[in-house]
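# Architecture and fold: a report
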Amino acid sequence: MNSDPTRPYHRHEIDLLFAKVKAQLHQKALERGGDGRALYTDCYTGETLRGGDRYDYEHIRSSEYVFMAYRDRLTNFEIAEVVNCSENVAVTLRSINQSKGKMRLEDWLSNRVNTTKHKIDLELAKKAAIAADKGIDQKVQEILSKRFK
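Counting from 1, residues in each chain are numbered in the order their sequence is written. Where totals are concerned, whole chains, interfaces and linings use all residues; where local detail is concerned, this predicted model gives features only for residues with pLDDT of at least 70, and gives and counts side-chain atom pairs only at 80 or more. Side-chain metrics in this entry use all non-hydrogen atoms of the structure; hydrogen atoms and water are not considered.

Looking now at the layout of surface pockets. Detection works on a 1 Å grid of protein atoms alone, calling trapped sets that fit a 1.4 Å probe cavities and calling open sets with protein on both sides within 12 Å along at least five of seven lines pockets, with lining residues defined by an atom within 4 Å of a point. Grid points are joined across faces, edges and corners, and a volume is the space filled by probe spheres set on the points. When its volume is computed, the largest pocket comes out at roughly 210 Å³. Lining the largest pocket are 13 residues; nearest its centre among them are T41, C43, V89, A90 and V91. Going along the chain from the N terminus, every DSSP run of H or I of four or more residues is numbered as a helix, and every run of E of two or more is numbered as a strand. The biggest single contributor to the lining of the largest pocket is strand β4 (residues 89–93), with three residues. In this classification, the charged set is Asp, Glu, Lys and Arg, the nonpolar set is Ala, Val, Leu, Ile, Met, Phe, Trp, Tyr, Cys and Pro, and all remaining amino acids, among them Gly, are polar. In the lining of the largest pocket, the residues fall into eight nonpolar, two polar and three charged.

Let us now look at the packing of aromatic side chains. Only the six-membered ring of Trp is used, alongside the rings of Phe and Tyr, when aromatic pairs are assigned; centres must lie within 6.5 Å, and planes under 30 degrees apart are stacked while those over 60 apart are edge-to-face, with the rest tilted. For the coordinates displayed, the defined rule picks out four aromatic pairs. Ring centres of Y40 and Y57 lie 5.7 Å apart, and the angle between their planes is 90°; this geometry places the pair in the edge-to-face category. One end of the pair, Y40, is in strand β1 (residues 39–41); the other, Y57, is in strand β3 (residues 55–59), and 17 residues separate them in sequence. Take Y40 and Y57: they sit in the same class, and that class is buried. Residues Y55 and Y57 carry aromatic rings whose centres are separated by 6.1 Å and whose planes lie at 85° to one another, so their mutual orientation is edge-to-face. A 1.4 Å probe rolled over the protein chains alone gives each residue an accessible area, and that area as a share of the maximum for its type sets the label: buried under 20%, exposed over 50%, partly exposed in between. Classification of Y55 by relative accessible area gives buried; the value is 11%. Within the aromatic cluster, the residues linked to one another by ring pairs are Y40, Y55 and Y57.

Taken across its five residues, β4 has four buried, putting it largely inside the fold. Two strands pair if DSSP finds at least two bridges between them. Judged from the five bridges that link them, β3 and β4 form a sheet pairing that is antiparallel. Counted as the bridge partner of E58 is A90 from β4.

A few words on unusual backbone geometry. Even without being a glycine, K119 presents a positive backbone phi close to 55°. Take K119: its relative accessible area is 61%, and that puts it in the exposed class.

Let us now look at helix α3 (residues 76–83). With six of its eight residues buried, α3 lies for the most part within the structure. At its buried positions, α3 is contacted by α1 (12–33), β3, α2 (63–70), β4 and α7 (122–147). The contact criterion used throughout is that any non-hydrogen atoms of two residues lie within 4.5 Å.

As far as function goes, none of this settles anything; it's purely spatial.
Written as structure tokens, this is what we have:
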């Protein structure tokens, strides 16, 4: 097991699993759309997004943040599972994703320019963060509990 608490940030396994998760989400969105175009709801604005819109799949809690928080306990593969849990992966406009970058969501939201410019629904964004944290915690506990069985 590679759970060296000093190992540098590494996202190879995260990206491999992220590609699979995005494909699954896209398939579900196509089914929801019903007309050959994906149908999403932006996780920060609540706006409807359709295939062809400029959207990104978003890690609500950045992969680097999760990696650094759990590298002392989890392998790279396990971290990939945590980062890509369903509660931590959502869809948002590309402009929002690029503006937020690796920044912690609450820090990004605290800048009123961001929330105004991007028409952020603060309650919706906060709920997304709470759900991501809960999903991350649950996935970590699930992984750790399997080790002791």
